[in-house]
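# Report on the structure
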Amino acid sequence: MKVVKYIAFVLLGVAVVIFVGGIILAFARLTNGFKEDIKTFYIEYGDELITAKESKVSINRDSENRFNVKYALGFAVNDNADKTYTVEIIPNQTYKDLIYTVDGEEYQFGNIKDFSDVFEYKRAEEYFILRTSETVNLISVLSAKYPGRIVEVSDDFAKVNNYYYTLRVSSHSKKTVYNINFNFNAEINIDKDGVVF
């Protein structure tokens, strides 16, 4: 009888340790490794949990890239209006001084306010999908922004697959904002006219 009580006590102790460990791991994920306040609003992209204010991801070309938008305490929210979010696609401000030309006139990359009209994306209640073409690159994006006009970018920028774009995802209250800088994961080669070869 004493042995049974001892085994039950040990099993209970192990269960408590596992439970507490699970809570600690959950808090670690929702606080970006205990570096920030707990996040009740977060993004999932593939296997990646996005809880940092600034992050980087590589978008798959010619496919649907799904970003799940979650509220950690969503079960406690009764009103669906409280679970809303906004998505913007803007230039990554790291490259705000990038100069490009449109019909020979110089422009600064950072002065573009919005790329949402250039990228194909679909927004649903609990996720959004960003879709790109197989040949998407800096020149094709800028050319879509200025249809029918000649867009040129220096070779230094055009041939590099940098994180030129930012997905800005905001919670319903705008108190939590994630800037997800992105590039395209498959390498392609382009010449100065934006032609793939």
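On to the packing of aromatic side chains, then. Here the structure, examined in full by the defined rule, presents 21 aromatic pairs. With 5.7 Å between their ring centres and 35 degrees between their planes, Tyr 107 and Tyr 146 make a pair best called tilted. One end of the pair, Tyr 107, is in strand S7 (residues 105-108); the other, Tyr 146, is in the loop between helix H2 (138-145) and strand S10 (151-153), and 39 residues separate them in sequence. With centroids separated by 5.7 Å and ring planes inclined at 70 degrees, the aromatic side chains of Phe 119 and Phe 182 adopt a geometry described as edge-to-face. Remark: Phe 182 occurs in strand S12 (residues 177-184) and Phe 119 occurs in the loop between S7 and strand S8 (120-123); sequence separation between them is 63 residues. For the residue pair Phe 119 and Phe 182, the accessibility class agrees, reading buried in each case. Taken together through their ring pairs, the aromatic side chains of Tyr 95, Phe 109, Phe 115, Phe 119, Tyr 164, Tyr 165, Phe 182 and Phe 184 make up a single cluster.

Turning our eyes to something else, we now look at the nonpolar core. If you look at the biggest cluster of nonpolar residues, it comprises 40 residues, and the most contacted ones within it are Phe 109, Tyr 165 and Phe 182. Not counting chain neighbours up to four residues away, the residues in contact with Tyr 165 comprise Ile 90, Asn 92, Phe 109, Phe 115, Phe 119, Asn 137, Leu 138, Val 141, Ile 180, Asn 181, Phe 182 and Phe 184.

One non-glycine residue, Asp 103, lies in the positive phi region at around 50 degrees. On the secondary structure map, Asp 103 appears in the loop between strand S6 (99-102) and S7. For Lys 174, which is not a glycine, the phi torsion comes out positive at approximately 70 degrees. Here Lys 174 falls in the partly exposed class, since its relative accessible area comes to 47%.

Strand order in the open sheet formed by five strands is S2-S1-S4-S9-S8, with antiparallel pairing between adjacent strands. Of all strands in the sheet, those bounded by a partner on one side alone are strand S2 (48-50) and S8. Recorded for the sheet is a direction-independent mean angle of 20 degrees between the axes of neighbouring strands. Across five bridges, the pairing between strand S1 (residues 41-45) and strand S4 (residues 64-71) is antiparallel. The partner of Tyr 45 across the bridge, within S4, is Phe 67.

All right, on to the sheet that holds strand S5 (residues 85-91) then. In space, the four strands of this open sheet follow the order S3-S12-S11-S5, with mixed pairing throughout. For this open sheet the edge positions go to strand S3 (54-59) and S5, each flanked by a neighbour on one side alone. Pairs of neighbouring strands in the sheet enclose a mean axial angle of 25 degrees, with direction left out of account. Strand direction decides the pairing type here: S5 and strand S11 (residues 165-171), joined by seven bridges, are antiparallel. Residue Pro 91 lies in a different strand from S11, and its bridge partner there is Tyr 165.

The next thing to look at is the pairing of S1. Burial analysis of S1 places four of its five residues in the buried class, which makes it a mostly covered element. In terms of strand pairing, S1 meets S2 through three bridges, oriented antiparallel. For Glu 44, the partnering residue across the bridge sits in S2 and is Leu 49. Count of turn residues in the S1/S2 antiparallel hairpin: two residues, of which Gly 46 carries a positive phi of about 60 degrees.

The next thing to look at is H2. Regarding H2, the residues found buried are Leu 138, Ile 139, Val 141 and Leu 142. Considered in projection along H2, the buried side chains sweep an arc of 160 degrees and stay on one side of the axis. Contacts made by the buried residues of H2 are with S6, S10, helix H3 (155-158) and S11. Its side-chain oxygen 3.0 Å from the backbone nitrogen of Ile 139, Asn 137 forms the N-cap of H2.

Here is what the cut-offs are and how they apply
Residues numbered from 1 in each chain as written. Predicted model: local features only at pLDDT ≥ 70, side-chain atom pairs only at ≥ 80, totals over all residues. Heavy atoms only, no water. Phe/Tyr/Trp six-rings, centres within 6.5 Å; stacked < 30°, edge-to-face > 60°. Helix = DSSP H or I, 4+ residues; strand = E, 2+ residues; numbered from the N terminus. Buried < 20%, exposed > 50% of the residue type's maximum accessible area, 1.4 Å probe, protein only. Core = buried A, V, L, I, M, F, W, Y, C linked by side-chain atoms within 4.5 Å. Contact = heavy atoms within 4.5 Å. Pairing = 2+ DSSP bridges. Axes fitted to C-alpha atoms, helices over the stretch in contact; angles between N-to-C directions. Arc of directions from axis to C-beta. Polar contact = N/O pair within 3.5 Å; in protein donor to acceptor, adjacent residues only side chain to side chain.

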